[in-house]
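Listed below are the residues making up each chain.
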Amino acid sequence: MKRRVLVIGIDSVPLDLMLPWAAAGHLPSFAKILDNGSHGDLYSRIPVTPVAWSSIYTGKNPGKHGIIGFRNHKPHTYEEVSVNSSIRDARDVWEIAGAHGKKVVVVNAPLTYPPRAVNGYLVCGFMAPGVDYEFTYPSSLGEEIKRAVPNYRIGTAPSYIKSLYLKELHSTVQVVGDASLRLLKKIDWDLAFIVFKETDEVQHSFFDRPGDVLGLYRRVDKIVGEFLKLAGDDATVLVVSDHGGEPINKRFNAAEFLRMSGFISLNTSNQRQSATPLQLVASALFGLRLEWLLDIPGSRRLMGEIMKARVRMLQKSAKPDQGFYAGQVDWPNTTAFISSGIGLRINVKGREPQGFVDPADYEAVRDKVAAQFAGLKDPENGQHVFRYAQARERVLSGPYTELAPDVMCLPNTGYLPTEALASFDPLAVAAAHRSLFSRSTLWCGTHSPYGMVAGSGPGIKKGEVSGATLDDIAPTILYALGLPVPRDMDGKVITGMFDQAYLEANPVTWEEAEARTEVKARELSDEESKIVEERLKALGYLS
Ligand SMILES: [Zn+2]
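Computed from a prediction, not measured in an experiment: that's the story for all the values here. (Residues numbered from 1 in each chain as written. Predicted model: local features only at pLDDT ≥ 70, side-chain atom pairs only at ≥ 80, totals over all residues.)

Draft legend 1. Focus on the overall build of the protein. Helices and strands together make up the secondary structure of the protein, namely 17 helices and 22 strands. Split into buried and exposed, the 543 residues of the protein put 52% on the buried side. In the protein, the proportion of contacts linking residues at least 24 apart, taken out of those at least 6 apart, comes to 70%. (Helix = DSSP H or I, 4+ residues; strand = E, 2+ residues; numbered from the N terminus. Buried ≥ 20, exposed ≤ 12 C-beta atoms within 10 Å, placed from the backbone. Contact = placed C-beta atoms within 7 Å.)

Draft legend 2. Representation of the nonpolar core. Ranked by internal contacts, the top residues of the largest apolar core, which has 143 residues, are Val-106, Val-239 and Ile-477. Inspection of this core shows a minimum of three residues originating in each of domain 1 (5-243 + 449-535) and domain 2 (248-446). Among all residues touching Val-239, those that are not within four sequence positions of it are Ile-8, Ile-10, Phe-30, Ile-33, Val-453 and Ala-454. (Core = buried A, V, L, I, M, F, W, Y, C linked by C-beta atoms within 7 Å. Domains from an automatic or database assignment.)

Draft legend 3. Molecular detail of the sheet that holds strand S12 (residues 343-346). Across the sheet, which stays open at both edges, the four strands sit in the order S11-S12-S14-S13 with antiparallel pairing between neighbours. At either margin of the open sheet sits one strand with a lone partner, and together these are strand S11 (336-339) and strand S13 (386-391). Neighbour-to-neighbour, the strand axes of the sheet open up by a mean angle of 25°, direction not taken into account. Across four bridges, the pairing between S11 and S12 is antiparallel. For Ser-339, the partnering residue across the bridge sits in S12 and is Gly-343. Lying on the sheet, helix H13 (residues 362-375) is in contact with S11, S12, S13 and strand S14 (407-411); it crosses S13 at an angle near 180°. (Pairing = 2+ DSSP bridges. Axes fitted to C-alpha atoms, helices over the stretch in contact; angles between N-to-C directions.)

Draft legend 4. Spatial organisation of the environment of Ala-515. Within the secondary structure, Ala-515 sits in the loop between strand S22 (510-511) and helix H17 (526-539). On a C-alpha basis, the gap between Ala-515 and Ala-90 in space is 7.1 Å, while along the polypeptide they are 425 residues apart.

Draft legend 5. Structural view of the packing of helix H7 (residues 162-186) against helix H9 (residues 210-231). In the contact formed by H7 and H9, the axes pass within 10 Å of each other and the chain directions differ by 5°. The orientation of H7 relative to H9 falls into the category roughly parallel. Across the interface between the two elements, Leu-166, Leu-169, His-170, Val-173, Gln-174, Gly-177, Leu-181, Leu-184 and Lys-185 of H7 pack against Asp-212, Leu-216, Arg-219, Val-220, Ile-223, Glu-226, Phe-227 and Leu-230 of H9. Residues belonging to the contact of H7 with H9 are distributed by class as follows: ten nonpolar, three polar and four charged. (Parallel < 35°, antiparallel > 145°, perpendicular 65-115°, else oblique. Nonpolar A, V, L, I, M, F, W, Y, C, P; charged D, E, K, R; others polar.)

Draft legend 6. Region of the structure containing helix H15 (residues 473-480). With respect to burial, H15 is a largely interior element, eight of its eight residues being buried. For H15, the full list of buried residues reads Ile-473, Ala-474, Pro-475, Thr-476, Ile-477, Leu-478, Tyr-479 and Ala-480. Residue Gly-482 follows H15 closely and has a positive phi angle near 80°.

Draft legend 7. Structural context of unusual backbone geometry. For the peptide bond that leads from Tyr-113 to Pro-114, omega is -5°, which places it in the cis range. Note on placement: Pro-114 falls in the loop between strand S5 (104-109) and strand S6 (120-124). Here the residue pair Tyr-137 and Pro-138 is connected by a cis peptide bond, since its omega of -10° sits within 30 degrees of zero. Residue placement: Pro-138 occurs in the loop between strand S7 (136-137) and helix H6 (140-148). Of note in this structure, Asn-151 is not a glycine but carries a positive phi near 65°. Mapped onto the elements of the fold, Asn-151 is located in the loop between H6 and H7. Notably, Ser-340 is not glycine yet its phi reads approximately 55°, a positive angle. Following the sequence through the fold, Ser-340 ends up in the loop between S11 and S12.

The structure is reproduced here in structure tokens:
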């Protein structure tokens, strides 16, 4: 019997939204999968889209696959580089399946640009610069998709006008669905892996309007119904999300906390000269509660550009390795700084260009920084601001652990840390000089560390599973395809989803791991990174 596996990725969807809406009859296709199979929470250790999906694809923690954040630290500098598929140093599950002769269809999966070769078809997703670039494998597929699906696009053009943005989210979901249906009919596939990314954006911007969130889920559900028909009753269907979603109450200004705690030292004269005029404007906007003006696409970017130009003018001698902090930080007197958006890096002598902390004091200093963040409470309600702040080796393992921040932080429900001084975001700069906390205006929802998994199909029993993590998805896909699991994966087959008789008749098998082949790591060109970064900023993922 042919074993077919259909994976439906729904970015940022938590079970606590999916279950009640499915039970109420709003999402009949998802309800069919939930009613006939198993489901449970899916733990996401770093609930950041490119990082989390990379663990889903590879069965490995970020210390092994090498994608640490939207940007990775660039060793021996204060700079960061945007990540892309070529630096994911592990085979993706569809590459492993392809090596076993399985035909694959991969559509809109985040961080698959530049496209890597597959045994079938691949259409790049989130963080690809767009359809004017080589966005498919084989490359000829791109033209075919553009012809067949008018307005095919990768990701949305966000609008500050909510109704327009919502319309854009719906039409983007629809073109992804249309292209996917076309490819599912085009070949006799064994593994299809299709991701809807707009379910994430809708929760960031519309968490306070649940009807709009549900509306988009319903559109996805309708398309999933078509997928299920094409896949047939004998297919294994897995629904996965890379993390969950939850509301934001406040932005937390991590850089200001570092400054107040004495861990970051500012180059005060430069800071005053360079930032004051815009800070005044930004502070005035905050005072008048007009900070939302800064969220209008373009206005924040414009202010950022003016601020950058001013700093460049005032500091003709600025060293290039000052990176995106450009001139604001007094490095020789700074203990720790924000890194990869998800943690803190200690400014170690000999490792950082202008290190301050003696290597002999590293552990003690790191413990102190971690304790400061872990213990921090919101004075207004006594809540911890972070779920955890701990040494990176307690969260990650593998050769890329050293690329990660020394201290990894996971914010608590309700708090969205901003990179603040790490960027020229006037909104954040204004917040930095005002208080530790500010209102969140661009987003009302953010990521939580629990995504979901649901599965139905041959051998999958009805019920709930617990304890699954992102790393378990790739092994489970391979198992459902009847393939062995490479030994170097961190995850394991979610055996709790399958009934005993099936497990006995189909024992889990293992194979020696193979290295990734034929993919040369590269940095994106300036043009590609600029497009990707500007879009991430417009959407609110980077400040
Ligand atoms: Zn995500």
